[in-house]
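Topology and contacts: notes
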Amino acid sequence: MSLYDVIVVGAGHAGVEACLATSRLGLKTLLITTNLDRIAYMSCNPSIGGLAKGHMVREIDILGGQMGIAADQSCIQFKRLNSSRGPAVRGSRAQCDKKVYSNIQKAALTNQENLEILAGEVKSLLLDKNICNGVILHDSSSVKAKTVIITTGTFMNGVMHFGLKQIAGGRIGDQASIGLSDQLLQFGFEVKRLKTGTPARLDKNSIDWSKTTAEYGDEKFFPFSHTSKKEFYMPQVACYLSNTNEKTHEIIRANLDKSPMFSGIIEGIGPRYCPSIEDKITRFAERVSHQTFLEPESLTSDLIYLQGISTSLPEEVQDQFLKTIPGLENVKVVRYGYAVEYDYIEPTQIFHRLETRLVENLFLAGQINGTSGYEEAAVQGFMAGVNAAHKILGREEFILDRDIAYTGVLIDDLVTKGTREPYRMFTSRAEHRLVLREDNTIDRLAEISRKLGIVSNEALGRLDQIKEKRSALVSRLTENSLYPKPEVNQLVASLGSSPLSKPLTYAEFLRRPEVTFDTLKKLGIEINDDVEVTDAVEIEIKYSGYIKKQNEIIEQTKKMEQLSIPPNLDFSAIKGLSGEEVDKLKKVKPRTLGQAQRISGVNPSALQAIMIYLKGHKNAVPIQKNI
């Protein structure tokens, strides 16, 4: 019987990051997948990033993740979303060549030391009471390991819906994973159902592109990975915009009885922020049109992804309504849209380190925890991999706080609040989003990365250089001044800013809303053109007042976060807590008073009662900071 340090079940985006993290930390790792041809496969939209999602990709890249590298090297259209808005809500998005992306990730796995890949199906876990010791495969053979990470995506008891027809599976071409969720349910886990869906894939040669509007990406490239070059790796292409219309909506409304969502066949709740076209025309009945983007899946494929038109209506109905969309009058459908219903584990049953509360040495990552999206899965996979490795190596659990990373926000939300629908990350979920920007990811996480030990010394040295250049630029801007000389004020006025009445440091002048680094350059002030340096510095200076206030709030919040709650605390023994509050606190088992504060239904009076109880019993101790 083989013995590994770590077994990772599933080779999606979570599984890839998990097994790379453990193997890069020196642990003997086995990745088990049912289909070697579908490693890191983009089952739905062929893109990486977006608002808050792009932030998370950058975060794990600094720490030693892989997704950003693959996204950069397979990017065929890049956009910086909300570029004209405030820095807290900007985000990068890369439309990717899904074939190239998958091949890059597969090569990373194949060439990684300490990592083996096995084609097989896991039927159940090898358990000794409440300790996981490995997995049992479809052929009844056992593989032992010190820890197991499950990243099964939409495959646990997965059912695909094509109209009123159902087929077992997590996506077209791949079978469902049967057995794991049943075993977890029998062991006492709360197992629920969710739903997701995907649109039709179209033959590009059957589309009349003259009836669509070309949408091009940005000329300037801001890579996700700090190790990537600043130029595009692949040719850049356009995506194309079209719209549904009232005729489209009439056909869909007339066939809602054939939709598994509306006929009651699907019980799982679908993603609120990525609804099917059936949902859209029902929930937004006043809308006469909905946008759709026609996006190429690969430079070497004729498949077009119909973004925004997810559906599970029967094939003949899809044929009818698709042909009402401008440009698609004679469209040929290569693969019809469908819905997928699958099991997930209520995430309040896991610790922040992503180890389950009920079974020791068992970690969960990705859609099994109720999330939606490649990026959400990847960061969970990375964090689960690091924590599984740390448990074996005898190191502290690795947890990112909410004020340090969107990754920390994601995991804390899942563990503290749970989810009833596929969880998707947004900038609005982070209360400290002004300090969780894309441009300052290096500043937030470089030292944490150094202690973590996955990133190479060479890469860390490059991060240090960027930080040093930023620091030097800040020093120059704060130590040098502009003086209200006639020639200076004349130039300042010509640039659209009010004259100086007193000396101002370059930094003080830069805080004016109308002033940018370009303004400083026109005044003859030499500024480095490296946007990796200048972007972060300009934002830090311009928003310094707001950032200072947010940092003060963070410091206040940390006082709550540093007050730990013993894991075996009996909440029912605390006077002043309602029955509902006791039940919720027992279920979540918050690590700190700060986490208890974020549990829905736990009131401020309850926090006061817990604090008094802890101080009275001398159990209130600051938690040790992790790496």
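Residues numbered from 1 in each chain as written. Predicted model: local features only at pLDDT ≥ 70, side-chain atom pairs only at ≥ 80, totals over all residues. Heavy atoms only, no water.

A count of helices and strands for the protein chain gives 20 helices and 22 strands. Taken over the C-alpha atoms alone, the protein chain extends approximately 80 × 75 × 50 Å along its principal axes. A separation threshold of at least 6 residues defines the contact pool for the protein chain, and within that pool the share at least 24 residues apart is 74%. Approximately 25,900 Å² of the protein chain is accessible, and the part contributed by carbon and sulfur atoms is 49%. (Helix = DSSP H or I, 4+ residues; strand = E, 2+ residues; numbered from the N terminus. Contact = heavy atoms within 4.5 Å. Areas by Shrake-Rupley, 256 points an atom, 1.4 Å probe, with all protein chains shown as cover.)

Before going further, it helps to spend a moment on the nonpolar core. Membership of the largest hydrophobic core comes to 103 residues, with the highest contact counts inside it found for Ile 7, Ile 48, Leu 125, Val 135, Val 148, Leu 362 and Phe 382. Top element by residues in this core is helix α9 (residues 374-393). It accounts for ten residues. Non-local contacts of Leu 362, meaning those with residues more than four positions away in its chain, are made with Leu 125, Cys 132, Val 148, Ile 150, Leu 184, Leu 354, Glu 355 and Thr 356. (Core = buried A, V, L, I, M, F, W, Y, C linked by side-chain atoms within 4.5 Å. Buried < 20%, exposed > 50% of the residue type's maximum accessible area, 1.4 Å probe, protein only.)

Quick look at the pattern of salt bridges now. For the structure shown, the criterion picks out 41 salt bridges. With a shortest N-O distance of 2.7 Å, Glu 355 and Arg 353 are connected by a salt bridge. By relative accessible area, Glu 355 is classed as buried at 2%. By relative accessible area, Arg 353 is classed as partly exposed at 22%. One network of salt bridges, with partners in common, ties together Arg 402, Asp 412, Asp 413, Lys 417, Glu 431, Glu 561 and Arg 598. (Salt bridge = Lys/Arg side-chain N within 4 Å of Asp/Glu carboxyl O.)

Now for the environment of Val 359. With respect to the helices, strands and loops of the structure, Val 359 is situated in the loop between β19 (338-345) and β20 (362-364). The exposure class of Val 359 is buried, given its relative accessible area of 1%. On a C-alpha basis, the gap between Val 359 and Asn 603 in space is 31 Å, while along the polypeptide they are 244 residues apart. Contact partners of Val 359, with chain neighbours within four places excluded, come to Leu 127, Asn 130, Ile 131, Cys 132, Phe 187 and Phe 189.

Given a rise of 1.5 Å per residue, 23 residues ought to cover 33 Å, and the 32 Å separating the end C-alpha atoms of helix α12 (residues 457-479) matches this to within 8%. Turning to α12, its buried residues are Ala 459, Leu 460, Leu 463, Ile 466, Arg 470, Leu 473 and Leu 477. (Expected span 1.5 Å × (residues − 1).)

Here Ala 107 shows up in helix α4 (residues 98-110). A C-alpha to C-alpha distance of 22 Å links Ala 107 and Ala 384, two positions 277 residues apart in sequence.

Right, let's talk about the sheet that holds strand β4 (residues 75-81) for a bit. In spatial order, the strands read β3-β5-β4; together these three strands make up an open sheet with antiparallel pairing. The two strands at the open ends of the sheet, each matched to only one other strand, are β3 (47-49) and β4. Averaged over all adjacent pairs, the angle separating strand axes in this sheet is 15 degrees, with direction ignored. Inspection of the sheet shows β3 paired to strand β5 (residues 91-96) by three bridges, in the antiparallel sense. Bridge assignment links Ile 48 to a residue of β5, and that residue is Ala 94. (Pairing = 2+ DSSP bridges. Axes fitted to C-alpha atoms, helices over the stretch in contact; angles between N-to-C directions.)

Moving on, we get to helix α2 (residues 53-63). When you tally the buried positions in α2, you get eleven out of eleven residues, the bulk of the element. Of all the positions in α2, only Lys 53, Gly 54, His 55, Met 56, Val 57, Arg 58, Glu 59, Ile 60, Asp 61, Ile 62 and Leu 63 are classed as buried. Following α2 by one or two positions, Gly 64 has its phi on the positive side, about 125 degrees.

With that settled, the discussion passes to the sheet that holds strand β12 (residues 191-198). Pairing within the open sheet is antiparallel, and its four strands lie in the order β11-β10-β19-β12. Since the sheet does not close on itself, it has two edges, and those belong to β11 (165-168) and β12, each with one partner. This sheet shows a mean twist of 25 degrees between the axes of neighbouring strands, independent of strand direction. Both β12 and β19 contribute to a ladder of eight bridges, which runs antiparallel. In the strand pairing of β19, Leu 194 is matched with Tyr 342.

Turning our eyes to something else, we now look at the confidence of the model for the protein chain. Scored by pLDDT, the protein chain has a mean of 91; 97% of the residues are at 70 or more. Every residue in residues 620-624 is under pLDDT 50, and counting partners more than four places away or in other chains gives 14 contacts. (pLDDT = per-residue confidence, 0-100.)

Another point: the pairing of β4. A large share of β4 lies buried, amounting to five of its seven residues. For β4 and β5, the ladder comprises six bridges, and the chain directions are antiparallel. In the sheet register, Gln 77 faces β5, and the bridge partner there is Gln 95.

Before going further, it helps to spend a moment on the pairing of strand β8 (residues 131-137). Pairing between strand β7 (residues 122-128) and β8: six bridges, direction antiparallel. Within β8, the position partnered with Leu 127 by the bridge is Cys 132. Between β7 and the antiparallel strand that follows it, β8, lie two residues; Lys 129 among them carries a positive phi value of about 60 degrees. Two strands pair when backbone bridges link them, and β8 and strand β9 (residues 142-150) are joined in this way by three bridges, in the antiparallel orientation. Its bridge partner lying in β9, Val 135 is registered against Val 143. Taken together, β8 and the strand that follows it, β9, pair antiparallel across an intervening segment of four residues, in which Ser 140 is found at a positive phi of about 75 degrees.

The tally for this structure, following the rule as stated, stands at zero disulfides. With no disulfide of its own, Cys 239 lies 10 Å from the sulfur of Cys 75, the closest cysteine sulfur. Given a relative accessible area of 3%, Cys 239 falls into the buried group. (Disulfide = S-S within 2.5 Å.)

Turning to the packing of aromatic side chains, a few remarks are in order. Going through the model one piece at a time under the given rule, you end up with six aromatic pairs. For the pair Phe 78 and Phe 221, a centre-to-centre distance of 5.3 Å together with 85 degrees between the ring planes defines the contact as edge-to-face. In this pair, Phe 78 sits in strand β4 while Phe 221 sits in the loop between β14 (213-215) and β15 (239-243), placing the two residues 143 residues apart along the sequence. The burial state of Phe 78 is the same as that of Phe 221; both residues are buried. Chaining the aromatic ring pairs together yields one cluster made of Phe 78, Phe 221, Phe 222 and Phe 232. Over the face of the ring belonging to Phe 351 we find Arg 353, whose NZ or CZ atom lies 4.2 Å from the ring centre. (Phe/Tyr/Trp six-rings, centres within 6.5 Å; stacked < 30°, edge-to-face > 60°. Lys NZ or Arg CZ within 6 Å of the ring centre and 35° of its normal.)

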